[in-house]
Amino acid sequence: MTNEEVWRALETVKDPEIDSVSIVDLGMVEQVEIRDDMVSIHLLPTFLGCPALDIIRSRVEEAVKQAGAQAVTVEFLRHPPWTSDRISEVGRERLKQFGIAPPPRQMEPGAWQVECPYCGAERTVMENLFGPTACRSIFYCRQCKNPFEAMKPVLPLAME
Amino acid sequence: MSEKSMYFHPDGQEALVELLFQLADDDFLLAYRGSEWLGLAPHIEEDIAFSSINQDTMGHAAMYYQLLEEFGLGTADELAHARPATERRNAVLLELPNGPGHYLREPRYDWAFTVVRQYFYTQAKHIRLESLRKSAYKPLAEVAAKVQVELHYHLLHWHTWFVQLTNAPGEARTRMIKAIQDVAADFAGVLTLGARGAEMERWGLIEGEDVLTEKTIAALAPAFAEVGLEWPMPFGMKHGNGRNGEHTPDLDDALATLSEVYRSVPQAIW
């Protein structure tokens, strides 16, 4: 198998809770190793308690096998930590299409400005820091009056 | 997560294992107590937030149990579900019930106690993680970095509740002050590293408990200024030292409930 074929297969594996966005878009794929038709894939978990991780693992195995691999191993790595700046440009657009505001690329402490994914307005307020999944918060747009979700910024921590 | 076990000097392994059990059991028990609030939290937004926090916290415990699994001490599921109370290393504060009643029958849980316990514990956990990120055991340092990123949101959440309820007039403030006293009476049990604490420090696994205690007090102090209460206060271990295996009958009850499904078919895959 070629590297390209594996990545194309990984593109078809969507986040089970956001079906417009692939694990590649989310920056969850850290490494792909191919030896003959044995493929080993290293993934980064987004949130540690995320119940979707096991589903993602089995879907990756399935997709890469279908693309022609004899054997596939999937490992979740502890390091480096996944951060939300790993989400690609395409991923950010696809999150918006799903009604989820993408996380800011960088942030001043305490100031999380979110644009409404529907109308683009900045007049939004946070309703709940926690949302339907570990990685999302709930917002409300004062412009178009839609409730929406935003992906939480998870940014690298400086060592104190 | 399935990374290979990393080497650590055999003479320091007992201290390392002891520390991992403390970290795992603390998060596991508090996440369980938190989950008993499901459907009972003060409003729907809190129900969502608190379940999210409990889910994260259970995920943190699972990471520590997996580190223990790599030392050949049993599977993470066994370590979480099958160990009796006498082997548990969690602080007693974290096993105490949410209040009178039972989550299925007339739960008369105390939200003030819950908020104070969660806020104090989350702040202590944050300080502990800051230290663990520099741990001599690299797999632990890596897990700590990951956990700390998630903890940031928990800390914001409990700080908000703590300040708003304590600054509210009437019953809320009275109950919060009572809850602060109750939590403080057992909070030394969270801060202690137990009989092997000095060894943990010597092996570079974590800083000493005196340093961590001082930092935790300093981190809680601004919130006490915000609510106009005197600080610091004396901490105790009223219900015993869980790091030494001393626990209350409430832990037996909790373990019986949380392991009921596991014990019915231990071979089942989850």
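Residues numbered from 1 in each chain as written. Chains lettered and ligands numbered in written order. Predicted model: local features only at pLDDT ≥ 70, side-chain atom pairs only at ≥ 80, totals over all residues.

Chain A is annotated in an unreviewed UniProt entry as 1,2-phenylacetyl-CoA epoxidase subunit PaaD of Geobacillus thermodenitrificans.

Just to check I follow, could you spell out the overall build of chain A for this structure?
The secondary structure content of chain A amounts to three helices and nine strands. Along the chain direction, N to C, the helices and strands of chain A fall in the order α-β-β-β-β-α-β-α-β-β-β-β. Judged by the C-alpha coordinates and their principal axes, chain A covers about 55 × 40 × 25 Å. A total of 160 residues make up chain A; the buried ones form 39% of that total. Partitioning the intrachain contacts of chain A with sequence separation of at least 6 by distance along the chain shows that 56% fall at a separation of at least 24. (Helix = DSSP H or I, 4+ residues; strand = E, 2+ residues; numbered from the N terminus. Buried ≥ 20, exposed ≤ 12 C-beta atoms within 10 Å, placed from the backbone. Contact = placed C-beta atoms within 7 Å.)

Just to check I follow, could you spell out the sheet that holds strand E3 (residues 29-35) of chain A for this structure?
To summarise the sheet geometry, strands pair through backbone hydrogen bonds and adopt either a parallel or an antiparallel arrangement. Residues and elements named next belong to chain A. Strand order in the open sheet made by the three strands is E3-E4-E5, with mixed pairing throughout. The two strands at the open ends of the sheet, each matched to only one other strand, are E3 and strand E5 (71-76). When the angles between neighbouring strand axes are averaged without regard to direction, this sheet yields 15 degrees. Looking at chain direction, strand E4 (residues 38-43) and E5 are connected through six bridges and run parallel. When the sheet's bridge partners are listed, methionine 38 is paired in E5 with alanine 71. (Pairing = 2+ DSSP bridges. Axes fitted to C-alpha atoms, helices over the stretch in contact; angles between N-to-C directions.)

I'm lost on the UniProt feature "domain: MIP18 family-like" (unreviewed entry) in chain A in this one. Help?
Here the UniProt-annotated "domain: MIP18 family-like" (unreviewed entry) positions come out as residues 4-75 of chain A. Helix and strand shares over residues 4-75 of chain A are 31% and 35% respectively, and the end C-alpha atoms of the span are 20 Å apart. (UniProt positions renumbered as here; feature names shortened; annotations may be inferred.)

Please clarify how the environment of serine 137 of chain A should be interpreted in this entry.
Residue and element names in this part refer to chain A. The residue serine 137 is located in strand E8 (residues 136-141) in this model. Judged by the 25 C-beta atoms lying within 10 Å of it, serine 137 falls in the buried class. Counting along the chain gives 15 residues from serine 137 to glutamate 122, while the straight-line C-alpha distance between them is 16 Å. Non-local contacts of serine 137, meaning those with residues more than four positions away in its chain, are made with Met126, Asn128, Leu129, Phe130, Gly131, Glu149, Ala150 and Lys152.

Would you mind going over the domain arrangement of chain A with me for this structure?
Residue and element names in this part refer to chain A. Under the domain assignment, chain A is made up of domain 1 (3-76) and domain 2 (95-151). Distance between the C-alpha centres of domain 1 and domain 2: 27 Å. On the side of domain 2, seven residues touch domain 1, which itself brings eight residues to the contact. In terms of residue class, the side of domain 1 that touches domain 2 is built from four nonpolar, three polar and one charged. (Domains from an automatic or database assignment. Nonpolar A, V, L, I, M, F, W, Y, C, P; charged D, E, K, R; others polar.)

Hey, could you run me through unusual backbone geometry in this one?
What you tend to see is this: most non-glycine residues have negative phi, and most peptide bonds are trans. All names here are of chain A. The step from histidine 79 to proline 80 runs through a cis peptide bond, and the omega angle for that step is 0 degrees. By the secondary structure assignment, proline 80 is in the loop between E5 and helix H3 (89-97). Backbone geometry at aspartate 36 places phi at a positive 55 degrees, although glycine is not the residue there. Mapping aspartate 36 onto the fold places it in the loop between E3 and E4. With a phi close to 60 degrees, lysine 145 is a non-glycine residue in the positive phi region. Note on placement: lysine 145 falls in the loop between E8 and strand E9 (147-151). Under the C-beta neighbour-count criterion, lysine 145 is labelled exposed, with 10 such atoms within 10 Å.

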